[in-house]
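The residues making up each chain are set out below.
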Protein chains: 2
Amino acid sequence: MVDLKSSPDTASLREEELRQGIELMFYAYRDFTGEPDAILEQYALGRAHHRVIYFVGRNPGISVTELLDILRITKQSLSRVLGKLIEDEFINQRANPADRRRKQLSLSDKGKALEHALTSTQMERFVRAYREAGDEAVEGFRRVLTSIINPEDRARVRPVTIRRT
Amino acid sequence: MVDLKSSPDTASLREEELRQGIELMFYAYRDFTGEPDAILEQYALGRAHHRVIYFVGRNPGISVTELLDILRITKQSLSRVLGKLIEDEFINQRANPADRRRKQLSLSDKGKALEHALTSTQMERFVRAYREAGDEAVEGFRRVLTSIINPEDRARVRPVTIRRT
DNA sequence: TAATTAAGTCAACATGGTTGACCTTAAATC
DNA sequence: GATTTAAGGTCAACCATGTTGACTTAATTA
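Residues numbered from 1 in each chain as written. Chains lettered and ligands numbered in written order. Predicted model: local features only at pLDDT ≥ 70, side-chain atom pairs only at ≥ 80, totals over all residues. Heavy atoms only, no water.

Please clarify how the overall build of chain A should be interpreted in this entry.
When its secondary structure is counted, chain A shows seven helices and two strands. Out of the 165 residues belonging to chain A, those deemed buried represent 47%. Look at the contacts in chain A between residues 6 or more apart in sequence, and 50% of them connect residues 24 or more apart. Carbon and sulfur atoms form 50% of the exposed surface of chain A, whose accessible area is close to 8600 Å². (Helix = DSSP H or I, 4+ residues; strand = E, 2+ residues; numbered from the N terminus. Buried < 20%, exposed > 50% of the residue type's maximum accessible area, 1.4 Å probe, protein only. Contact = heavy atoms within 4.5 Å. Areas by Shrake-Rupley, 256 points an atom, 1.4 Å probe, with all protein chains shown as cover.)

In this structure, what is going on with helix α6 (residues 109-133) of chain B? I would like to understand it.
Side chains three or four residues apart in an α-helix point the same way, a direct result of the helix having 3.6 residues per turn. Residues and elements named next belong to chain B. When the terminal C-alpha atoms of α6 are compared, their 35 Å separation across 25 residues agrees well with the 36 Å that a helix rising 1.5 Å per residue should span. The largest bend along α6 reaches roughly 30° and is located at Ser-120. Of the residues flanking the end of α6, it is Gly-134, one or two places downstream, whose phi is positive at about 95°. (Expected span 1.5 Å × (residues − 1). Bend = angle between axes of the 7 residues up to and from the residue.)

So what exactly am I meant to see when it comes to the interface of chain B and chain A here?
When the parts come together, some accessible area is lost, and that loss is often what is quoted as the size of the interface. Listed by partner, the interface residues are 68 residues for chain B and 68 residues for chain A. When chain B packs against chain A, close to 7600 Å² is buried across both sides, 65% of that on carbon and sulfur atoms. Seen at the junction of chain B and chain A, the total is 11 salt bridges. A salt bridge links Asp-153 of chain A to Arg-30 of chain B; the nearest nitrogen and oxygen atoms lie 2.7 Å apart. (Buried area = accessible area lost by both parts, 1.4 Å probe. Salt bridge = Lys/Arg side-chain N within 4 Å of Asp/Glu carboxyl O.)

Explain the pattern of salt bridges to me, please; I cannot follow it from the model alone.
Opposite charge on two side chains makes pairing possible when the charged atoms of those side chains draw close. Residues and elements named next belong to chain A. For the structure shown, the criterion picks out 33 salt bridges over all chains. A salt bridge links Asp-69 to Arg-156, with the nearest nitrogen and oxygen atoms 2.7 Å apart. Of this pair, Asp-69 sits in helix α4 (residues 64-71) while Arg-156 sits in the segment after α7 (135-148), and the two are 87 residues apart along the sequence. When its relative accessible area of 39% is taken as the criterion, Asp-69 is described as partly exposed. Between Arg-142 and Glu-139 there is a salt bridge, and its shortest N-O distance comes to 3.7 Å. With Arg-142 and Glu-139 both in helix α7 and three residues apart, the pair spans about one turn of that helix. Accessibility expressed as a relative area gives 5% for Arg-142, which makes it buried.

Can you walk me through helix α5 (residues 75-87) of chain B in this structure?
All names here are of chain B. Its 13 residues give α5 an end-to-end C-alpha distance of 17 Å, which sits within 8% of 18 Å, the value for a rise of 1.5 Å per residue. All of the buried residues along α5 are Leu-78, Val-81, Leu-82 and Leu-85. Within two residues after α5, Glu-89 carries a phi angle of roughly 60°, on the positive side.

Please clarify how the relation of the copies chain B and chain A should be interpreted in this entry.
Note: a rotation about an axis with an accompanying shift along it relates these two copies of the chain. Between chain B and chain A, which share one sequence, the superposing operator has a rotation angle of 180° and an axial displacement of 0.0 Å; the RMSD is 0.0 Å. The relationship between the two copies is best expressed as a two-fold rotation axis. Considering only C-alpha atoms, the part of chain B nearest the rotation axis is Phe-141 of chain B, at 1.8 Å. A shared interface surface links the copies, since 100% of the contact residues of chain B are contact residues in chain A too. (Least-squares fit on C-alpha atoms with pLDDT ≥ 70 in both.)

In this structure, what is going on with the protein's contact with DNA strand C? I would like to understand it.
Taken together, the neighbourhood of DNA strand C is formed by 22 residues, with Thr-65, Lys-75 and Arg-101 of chain A together with Arg-51 and Arg-80 of chain B sitting nearest. Backbone sugar and phosphate groups make up 57% of those atoms of DNA strand C lying within 4 Å of the protein. Take Ala-48 of chain B: an N or O atom from its main chain is 3.3 Å from a phosphate oxygen of DNA strand C. One of the side-chain N or O atoms of Gln-76 of chain B is found 2.8 Å from a base oxygen in DNA strand C. Elements with a minimum of two residues in the surface near DNA strand C: α4, α5 (75-87) and β2 (99-107) of chain A together with α3 (47-58), α5 and β2 (99-107) of chain B. Counting residues per element, the surface near DNA strand C draws most heavily on α3 of chain B, which supplies four residues. Tallied by class, the residues present in the surface near DNA strand C amount to three nonpolar, nine polar and 10 charged. (Near = heavy atom within 4 Å. Polar contact = N/O pair within 3.5 Å; in protein donor to acceptor, adjacent residues only side chain to side chain. Nonpolar A, V, L, I, M, F, W, Y, C, P; charged D, E, K, R; others polar.)

Sorry if this is basic, but what is going on with the nonpolar core here?
One recurring pattern in soluble globular proteins: nonpolar side chains tend to sit buried together. Ranked by size, the top nonpolar core spans 92 residues in total, and within it Val-52 of chain A together with Val-52 of chain B carry the most contacts. Each residue touching Val-52 of chain B, except ones within four places of it in the same chain, is listed here: Leu-67, Leu-71, Leu-78, Val-81, Leu-82, Leu-85 and Ile-91 of chain B. (Core = buried A, V, L, I, M, F, W, Y, C linked by side-chain atoms within 4.5 Å.)

Looking at this model, I keep getting lost on the pairing of β2 of chain B. Mind explaining?
Residues and elements named next belong to chain B. Where strand β1 (residues 91-96) lies against β2, six bridges are found, and the strand directions are antiparallel. The residue of β2 that forms the bridge with Asn-92 is Ser-106. Linking two consecutive strands that pair antiparallel, namely β1 and β2, is a turn of two residues. (Pairing = 2+ DSSP bridges.)

Would you mind showing me how to read unusual backbone geometry here?
It is generally the case that most residues other than glycine have a negative phi and that most peptide bonds are trans. The phi angle at Ala-44 of chain A is positive, at roughly 55°, despite the residue not being glycine. As for its position among the elements, Ala-44 of chain A is in the loop between α2 (34-42) and α3 (47-58). With relative accessibility at 56%, the residue Ala-44 of chain A sits in the exposed group. The phi dihedral of Glu-89 of chain B is positive, around 60°, even though this residue is not glycine. Examined against the element boundaries, Glu-89 of chain B turns out to sit in the loop between α5 and β1.

Any chance you could explain the protein's contact with DNA strand D here in plain terms?
Residues in close proximity to DNA strand D total 23 residues, the closest being Arg-51, Thr-74 and Arg-80 of chain A together with Thr-65 and Lys-75 of chain B. Here a sugar or linking oxygen of DNA strand D and a side-chain polar atom of Ser-77 of chain A are 3.4 Å apart. In this structure, Arg-100 of chain A approaches DNA strand D through a main-chain N or O atom, which is 3.2 Å from a phosphate oxygen. Of all the secondary structure elements, the ones that give two or more residues to the surface near DNA strand D are α3, α5 and β2 of chain A together with α4 (64-71), α5 and β2 of chain B.

The following block contains the structure:
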């Protein structure tokens, strides 16, 4: 437990710092998802489809179960979203030859193009932010956000160890 | 425009760095909202109610229009959520004496208690993360996330200028 | 052969977004 | 004083994306 108040009426500096973190998360996430949402609308897709496209693109050959484990949604919820992406031919599936129950999901060329369009907007946002904030700040950003993630999931984010100079 | 690939087949180090930022945002936001969601369930409230409770608590006397401007949702969507919070007496409203069309929203004692319960879990997550990452990292985290926010909204996050020592 | 696992399906429902039309009250402006 | 504007609210319909629960099929493993 943490003492969040230092006096009855005034918020402590500590509390201000922590609330600032909370608000940064809210506003940053809101704006971070804004541009992709606008693109998705043109394809009659939503944010849920973006997440699937992103993680399939990032993990070619991923199975449905692995995808569920990343997204933390139910199979039924994924199936609606994934079904549409397969039907619209953004995503291909083929059986895993080693275990034919498993399906290997991957992006089609069309899917790769959309993934690029969506992710570009977010990458460009990070390019600007990293440039504005500086290399040292980027390292701090990574350290704090990694610690915000539940310990068991931290390894999911591939670490970038080599430093640019 | 930014060159996001340095070679046709292999993702560049630059692209890896940017994708790492994207994934940190996804996983951190997912876990950051997980604990409050569990508490909200006990009150038959959802994440939307949490956002309203948070920002009304943070800005006592805020008007509906100002709240809409923070949340970026429609009046109709807010009214459903806000209406329930008023009915359940988490939030009080009274007319602004200077302009009686405006309503001043504030948390009741019951609302403050819930706000505290919800926000505590997120503040404790930040306490741990700030401690793990260190003071220098915290400054970097703030700089990067601030730059991720659209410029016109950066001032919404109150800056913490005084450094702890 | 039996049990388990991966995947999928159907149905019903909840939450929290959206658009559009319309109303009331109060304040500001002509 | 009359008109316009602003703040807020309301009703209805719809949509996206999450949930639970029950059940099926095919393939692998014990």
